[in-house]
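# Examination of the molecular architecture
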Amino acid sequence: MEVTGHRTGAHVSELDEYESESELALYREYRDVASLFRFVVETERRFYLANDVDVKVRASAAGDVFFEVTLTDAWVWDIFRSSRFIRGARIVTFKDVNVEELNKPDITRELDFE
């Protein structure tokens, strides 16, 4: 079976377009749900939004330091998941973990209670 460059290029272009549309839809979902969460958690493999985060520094028997991160009520930035909302997750990593508390808008300003 012979595959021409034109045909292969069309398939690559369709795949690129699908990936771009999926990434844009994921970003829009993130933007819509971010206000529901208190924390942003970033690991070497994933990006999460969560309402409760617990980070513990641990050491293995060999003395290697690692992090155990427990998330509750979370959302996972993952283009391949059909459902990104999760009840909880436990992450164990030897890499850096970044946890940031999100700024919540001042409700008195939103309701005009000045």
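This text follows the structure it describes.
An account of the accompanying structure is given in this report. (Residues numbered from 1 in each chain as written. Predicted model: local features only at pLDDT ≥ 70, side-chain atom pairs only at ≥ 80, totals over all residues. Heavy atoms only, no water.)

## Points about the sheet that holds strand β1 (residues 39-42)
Heads up, the condition is: By the convention used here, strands pair only if DSSP detects at least 2 bridges between them. Helix numbers and strand numbers start at the N terminus; a helix is a DSSP run of H or I with at least 4 residues, a strand a run of E with at least 2. To define axes, lines are fitted to C-alpha atoms, for helices over the stretch in contact only, and angles between the resulting N-to-C directions are given on a 0 to 180 degree scale.
Reading across the sheet, the five strands line up as β4-β3-β2-β1-β5 and stay open at both edges, with antiparallel pairing between neighbours. Pairing within the sheet leaves two strands with one partner each, and these edge strands are β4 (85-93) and β5 (98-101). The mean angle between the axes of side-by-side strands here comes to 25 degrees, regardless of whether they run parallel or antiparallel.

## A word on the pattern of salt bridges
Put simply, the rule is: The salt bridge definition used is simple: a Lys or Arg side-chain nitrogen within 4 Å of an Asp or Glu carboxyl oxygen. For the exposure calls, accessible area comes from a 1.4 Å probe over protein chains only, and a residue counts as buried if that area is under 20% of its type's maximum, exposed if over 50%, partly exposed in between.
Using the criterion set out here, one finds seven salt bridges in the structure. Notably, a salt bridge pairs Arg84 with Glu29, separated by 2.8 Å at the nearest N-O pair. Note that Arg84 is positioned in the loop between β3 (65-76) and β4 and Glu29 in helix α1 (residues 5-33), a separation of 55 residues in sequence. Judged by relative accessible area, which is 14%, Arg84 ranks as buried. For Glu29, a relative accessible area of 22% translates into the label partly exposed. Note that Arg31 and Asp32 form a salt bridge whose closest N and O atoms lie 4.0 Å from each other.

## Some remarks on the environment of Glu19
Of note, Glu19 is situated in helix α1. Assessed through its relative accessible area of 38%, Glu19 is described here as partly exposed. Residues Glu19 and Ile79, 60 residues apart in the sequence, show an inter-C-alpha distance of 8.9 Å.

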